[in-house]
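Structural overview for review
Residues per chain, in single letters:
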Amino acid sequence: MIRAGGREGGSRPAAGRAGPSRAAMKKPDGKVVLLGDMNVGKTSLLHRYMERRFQETVSTVGGAFYLKQWGPYNISIWDTAGREQFHGLGSMYCRGAAAVILTYDVNSLQSLTELEERFLALTDSASADCIFAIVGNKSVASCSSKVRKQVRAEDKMCFETSAKTGYKVDYLFETVFEMVVPIIVRQKAEGPPQTVDITDYKPAKRTKSGCCA
Amino acid sequence: MQKGFPALKIAVFHTPLLSLAPASSFFVLFSPVQQLADEKTCMQFSIRRPKLPSSETHPEENTYKRLDVSAWLHHLNESGQVEEEYKLQKAIFFGGIDISIRGEVWPFLLHYYSYESTSEEREALRLQKRKEYFEIQEKRLSMTPDEQKDFWCKVQFTVDKDVVRTDRSNQFFRGEDNPNVETMRRILLNYAVFNPTIGYSQGMSDLVAPLLAEVLDESDTFWCFVGLMQNTIFISSPRDEDMEKQLMYLRELLRLMHPRFYQHLSSLGEDGLQMLFCHRWILLCFKREFPDAEALRMWEACWAHYQVRELGLGSACTGQLSQQALQNFLKGS
């Protein structure tokens, strides 16, 4: 069973949103990643939130991100390819992520199963206190879907959205952002992650095994 | 036979590669710029200097007009053989191909027709290949239920969802229930049967769509696509070893040709030199980075294999990453 959740979020940042143009060339302070099977609506969700509209999308190849200013922070929101075959990208998607939004299509049980079977493993490289949100997209608010029953409805980090109508899309992203802020604050306080200078690296001399040792 | 990416000979670079500027697209200076006000968040490449001073271009730049019908017929002898393939390749490399005859010329560039073939031989080949194509299709349609299920999971599910969102703004694929979309779907499914190792991966629909829109015939398009996947100069499968190799070439080229940018990337930490921002450029041959007309012009120039037999995407990329674009990159970051 996939469990959504995370610790309690901080208070809402006072500054609210700023235009993307101001954030465009800044370095991101935190990373949020959308994962999920192909055609569940990851790009559309992101597009709906950032561009305020719904339009036909093409399949995502590689990865792309939007920068969103949230209070004093720039949050990068990564869109990913549902069927990425290049391991290099797959492992990059979640590296250091403060939140992962696991997305499925409410009309497809398969897309929910895929989250556990394929995508959960990718999140190993995320930040240790990473927040997980589970999102059923393509929701028709008035209908109850079969898939919905599979997800624990009482969990507050489970969402149902519709990128098409905009239903609960802002709520999803903004709830996630609020919970991400404390993680960013902590990451900043800890300073940049330790990097290893590979040019200094000297491979350990291979010790001969067996009788000569 | 799968040739894959041609071995790159770094030594070739003692020739001033950057002066090898084919028409318009190869040597454009691009940089990520922000689009119009209402699409501020959308980063796209734009061509900064569509015209270059002659001092910066290959001496033969602008000496070739776009290959049109009459020029094309000039390259053919009485029996329809291409007389001097080198000349044709050069003309295409510098001048491009007129849209009206792309469907006729591309099959040569994509190794479906050989340059030595006569018109008669080509007709015979087409019939033979059409038969083969439908045998492949027959094989797909006569799978056992188990095979079918497996094929659906691995290939068909993805193809079905991708074809309906590929090049829909192109007139050729526009509208509901467009039969051309169904043709594209069959070609991709049949390709996965023909070459199960490659199968289908996302992005392949982006490559086949322009072929179908120009070549038109289903079987011919299929075989051109087979040629594209096997022989062209810059194409990469998304498999780890292929993509790693491409990115490694690119990294090495940058290190040699743009050490400053290389250093900048290495200063960015672990992600910089992985150059994952180039992944889509490589996989889709810049199809999504440039407007269609520009991208296809680049494809043609590459497929012509003129003077770039040993060079691949790397040269194209680094050729394009001009100093000016690098300046912007450096400033932007």
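Note that the structure is predicted; figures quoted are calculated from it, not measured.

Parameters at a glance
- Residues numbered from 1 in each chain as written.
- Chains lettered and ligands numbered in written order.
- Predicted model: local features only at pLDDT ≥ 70, side-chain atom pairs only at ≥ 80, totals over all residues.
- Heavy atoms only, no water.
- Helix = DSSP H or I, 4+ residues; strand = E, 2+ residues; numbered from the N terminus.
- Buried < 20%, exposed > 50% of the residue type's maximum accessible area, 1.4 Å probe, protein only.
- Contact = heavy atoms within 4.5 Å.
- Areas by Shrake-Rupley, 256 points an atom, 1.4 Å probe, with all protein chains shown as cover.
- Phe/Tyr/Trp six-rings, centres within 6.5 Å; stacked < 30°, edge-to-face > 60°.
- Lys NZ or Arg CZ within 6 Å of the ring centre and 35° of its normal.
- Salt bridge = Lys/Arg side-chain N within 4 Å of Asp/Glu carboxyl O.
- Axes fitted to C-alpha atoms, helices over the stretch in contact; angles between N-to-C directions.
- Parallel < 35°, antiparallel > 145°, perpendicular 65-115°, else oblique.
- Left-handed = near helix turned anticlockwise from the far one by under 90°.
- Nonpolar A, V, L, I, M, F, W, Y, C, P; charged D, E, K, R; others polar.
- Polar contact = N/O pair within 3.5 Å; in protein donor to acceptor, adjacent residues only side chain to side chain.
- Buried area = accessible area lost by both parts, 1.4 Å probe.
- Expected span 1.5 Å × (residues − 1).
- Pairing = 2+ DSSP bridges.

What follows covers the overall build of chain A. Scanning chain A from N- to C-terminus turns up 5 helices and 6 strands. Listing the helices and strands of chain A from first to last along the sequence gives α-β-α-β-β-α-β-α-β-β-α. Within the span of chain A, comprising 213 residues, buried residues form 50% of the whole. A fraction of 76% describes how many contacts in chain A between residues 6 or more apart in sequence connect residues 24 or more apart. For chain A, the accessible surface area stands at approximately 11,100 Å², while carbon and sulfur atoms represent 54% of it.

This brings us to the packing of aromatic side chains. Residues and elements named next belong to chain B. Evaluated as defined, the whole model comprises 30 aromatic pairs over all chains. Taking the centre distance of 4.9 Å and the plane angle of 55° together, the rings of Tyr133 and Phe222 count as tilted. Residue Tyr133 is found in helix α4 (residues 119–141), and its partner Phe222 is found in helix α8 (residues 218–231); the two are separated by 89 residues along the sequence. Cluster of aromatic residues (ring-pair linked, three or more members): Tyr133, Phe134, Tyr191, Phe194, Phe222, Trp223 and Phe225. Taking NZ or CZ as reference, Arg122 lies 5.8 Å from the ring centre of Tyr113, over its face. Residue placement shows Lys129 over the ring face of Trp223; its charged tip is 4.1 Å from the ring centre.

Here we come to the pattern of salt bridges. In this structure the tally under the stated criterion is 28 salt bridges over all chains. For Arg83(A), the salt bridge goes to Asp37(A), with nearest N and O atoms at 3.0 Å. Here Arg83(A), found in the loop between β3 (73–80) and α3 (87–93), pairs with Asp37(A), found in the loop between β1 (30–36) and α2 (42–51); they are 46 residues apart in sequence, far enough to count as distant. By the burial criterion, Arg83(A) is buried, and Asp37(A) matches it. For Asp129(A), the salt bridge goes to Arg186(A), with nearest N and O atoms at 2.7 Å. One end of the pair, Asp129(A), is in the loop between α4 (109–119) and β5 (131–137); the other, Arg186(A), is in helix α5 (residues 169–189), with 57 residues separating them in the sequence. Judged by relative accessible area, Arg186(A) falls into the partly exposed class, the value being 26%. Taken together, the shared-partner salt bridges in this structure form one network comprising Asp160(B), Glu182(B), Arg185(B), Arg186(B) and Glu218(B).

Below, the discussion takes up unusual backbone geometry. Positioned with a positive phi, Asp167(B) is a non-glycine residue whose angle comes to about 50°. With respect to the helices, strands and loops of the structure, Asp167(B) is situated in the loop between α5 (145–163) and α6 (179–194).

The subject of this paragraph is the packing of α6(B) against helix α7 (residues 204–215) of chain B. All names here are of chain B. Their axes nearest at 10 Å, the elements α6 and α7 cross at an angle of 125°. The angle between the axes of α6 and α7 places the two elements in the oblique class. By crossing handedness, the relation of α6 to α7 is classed as right-handed. Across the interface between the two elements, Asn180, Thr183, Met184, Ile187, Leu188 and Tyr191 of α6 pack against Met204, Ser205, Val208, Ala209 and Leu212 of α7. Considering only residue class, the contact of α6 with α7 consists of 8 nonpolar, 3 polar and no charged.

This part covers the environment of Glu84(A). Tracing the sequence through the fold places Glu84(A) in the loop between β3 and α3. Distance in space between the C-alpha atoms of Glu84(A) and Val33(A) is 14 Å, their sequence separation being 51 residues. Not counting residues within four places of it along the chain, the set of residues in contact with Glu84(A) comprises Gly62(A), Leu89(A), Gly90(A), Tyr93(A) and His279(B). Of note is the side chain of Glu84(A), whose polar atom sits 3.0 Å from the backbone nitrogen of Phe86(A). Here Tyr93(A) takes part through its side chain, which lies 3.3 Å from a polar atom of the side chain of Glu84(A).

Next up on the list: the interface of chain A and chain B. Contacts between the two partners involve 28 residues from chain A and, on the opposite side, 32 residues from chain B. Of all residues in chain A, Met38(A), Val61(A) and Phe86(A) bury the most surface against chain B, accounting for 25% of the area lost on that side. For the interface between chain A and chain B, the tally reads 0 salt bridges. Secondary structure elements with two or more residues in the side of chain A that touches chain B: α1 (20–23), α2 and α3 of chain A.

Our next topic: α6(B). Residues and elements named next belong to chain B. With 16 residues, α6 should cover 22 Å at 1.5 Å per step; its first-to-last C-alpha distance of 22 Å lies within 8% of that length. Buried within α6 are the following residues: Val181, Thr183, Met184, Arg185, Ile187, Leu188, Leu189, Asn190, Tyr191, Ala192 and Val193. Two or three places before Asn180, at the opening of α6, Asn178 has a side-chain oxygen 2.8 Å from that residue's backbone nitrogen.

Further remarks concern the sheet that holds strand β2 (residues 63–70) of chain A. Residue and element names in this part refer to chain A. With mixed pairing, the 6 strands of this open sheet are ordered in space as β2-β3-β1-β4-β5-β6. The strands lining the two open edges of the sheet, one partner per strand, are β2 and β6 (158–160). Neighbouring strand axes in the sheet, compared pairwise and without regard to direction, differ in orientation by 20° on average. Pairing analysis gives 4 bridges linking β1 to β3, with the strands arranged parallel. Note on β3: the bridge partner recorded for Val33 is Trp78. This element, α2, spans β1, β2, β3, β4 (99–105) and β5 of the sheet and lies at about 30° to β2. Strands in contact with α4 are β1 and β4; relative to β4, the strand with the most contacts, it is inclined by about 140°.

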